[in-house]
Amino acid sequence: FPSKLVDYCQHGRPLVLWAPGEAAAVRWARAHDAALVVDSPEPAALLGAIRALAADAGRQVRLAAAARARAEREFSPERLQQTFAEGLARAIESFRA
């Protein structure tokens, strides 16, 4: 559920995305190496990927850290508010011009 991505990142746990490769959440995760991505529609592929992740403590730590970093940087409430305020200011300025 992409709408929950921000919430999931805040928990600092490894993320697993099972979605088509063209999905926005998948593109985001791949760009930031922030989740285990499974883009095969086959349930067996998902199960295999989860089993492999369960056996790789180092990867779990890396993915958890990447998710937490995204929550702290990209999804921080302060940063989101600042981005919104800047966009609104630009829109007001362009309207006045």
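Residues numbered from 1 in each chain as written. Predicted model: local features only at pLDDT ≥ 70, side-chain atom pairs only at ≥ 80, totals over all residues. Heavy atoms only, no water.

Considerations on the overall build of the protein chain
Which entries qualify depends on this criterion: A run of H or I in DSSP counts as a helix once it spans at least four residues, and a run of E counts as a strand once it spans at least two, with each numbered from the N terminus. Values of the radius of gyration come from C-alpha atoms, whereas the globule rule sets the reference at 2.2 Å times the count of residues to the power 0.38. Each residue is placed in one exposure class: buried if its accessible area under a 1.4 Å probe, protein chains only, is under 20% of its type's maximum, exposed if it is over 50%, and partly exposed if it falls in between. Note on contacts: a residue pair qualifies if any of its non-hydrogen atoms lie within 4.5 Å across the two residues.
Counting its regular elements, the protein chain contains five helices and two strands. Reading the protein chain from its N terminus to its C terminus gives the helix and strand order α-β-α-β-α-α-α. Whereas a compact globule of 97 residues would reach a radius of gyration of roughly 13 Å, the protein chain reaches 17 Å, over 25% beyond that. When each of the 97 residues of the protein chain is scored for burial, the buried share is 27%. Across the protein chain, contacts joining residues at least 24 apart in sequence account for 44% of those joining residues at least 6 apart.

What to know about the nonpolar core
Cut-off, in case you're wondering: Remark: nonpolar core denotes a set of buried residues (Ala, Val, Leu, Ile, Met, Phe, Trp, Tyr, Cys) joined through side-chain atoms within 4.5 Å.
Counting 15 residues, the largest nonpolar core has Leu5, Cys9, Leu15, Leu17, Trp28, Ala29 and Ala35 as the members making the most contacts within it. When residues of this core are traced back to their parent elements, those giving at least two are α1 (5-10), α2 (24-32) and α4 (57-72). Counting residues per element, this core draws most heavily on α2, which supplies four residues. Leave out the neighbours within four places in its chain, and Cys9 touches Leu15, Trp28, Ala67, Arg68, Arg70, Ala71 and Phe75. Judged by nonpolar contacts, the second largest core, of six residues, contains Val38, Leu46, Leu53 and Leu63.

A look at a nonpolar patch on the surface
Selection rule: Like charges within 9 Å and nonpolar side chains (Val, Leu, Ile, Met, Phe, Trp, Tyr) within 5 Å are joined into patches, using only residues over 30% in relative accessible area that form no salt bridge. To measure how exposed things are, a 1.4 Å probe is used in the Shrake-Rupley method; for residues, cover is taken only from the protein chains shown. Within this document, salt bridges are pairs made up of a side-chain nitrogen of Lys or Arg and a carboxyl oxygen of Asp or Glu, the two lying within 4 Å of each other.
Residues Phe84, Leu88 and Ile92 make up a contiguous nonpolar surface patch of roughly 290 Å² in combined accessible area. One can find Leu88 in helix α5 (residues 77-96).

Quick look at the pattern of salt bridges
Going through the model one piece at a time under the given rule, you end up with two salt bridges. A salt bridge links Asp39 to Arg30; the nearest nitrogen and oxygen atoms lie 2.8 Å apart. On the basis of relative accessible area, Asp39 is assigned to the partly exposed category, the value being 38%. Across the pair Glu93 and Arg96 runs a salt bridge whose closest N-O atoms are separated by 3.6 Å.

Here we look at α4
The cut-off we apply is this: What a helix is expected to span follows from its residue count: subtract one and scale by 1.5 Å.
If you check α4, its first and last C-alpha atoms are 22 Å apart, about what 16 residues at 1.5 Å a residue would give, namely 22 Å. Restricting attention to buried positions, one finds in α4 the residues Leu63, Ala64, Ala66, Ala67, Ala69, Arg70 and Ala71.

Observations regarding α2
Using the following cut-off: The arc in question is formed by the directions pointing from the helix axis toward the C-beta atoms.
Buried within α2 are the following residues: Ala25, Val26, Trp28 and Ala29. Mapping the buried residues of α2 onto a view down its axis gives an arc of 160°, with all of them on the same face. Residues Ala24 and Ala31 are exposed on α2 and point more than 90 degrees away from its buried face. A positive phi of about 45° marks Asp33, the residue just after α2.

No statement about biological role is implied by the geometric values presented.
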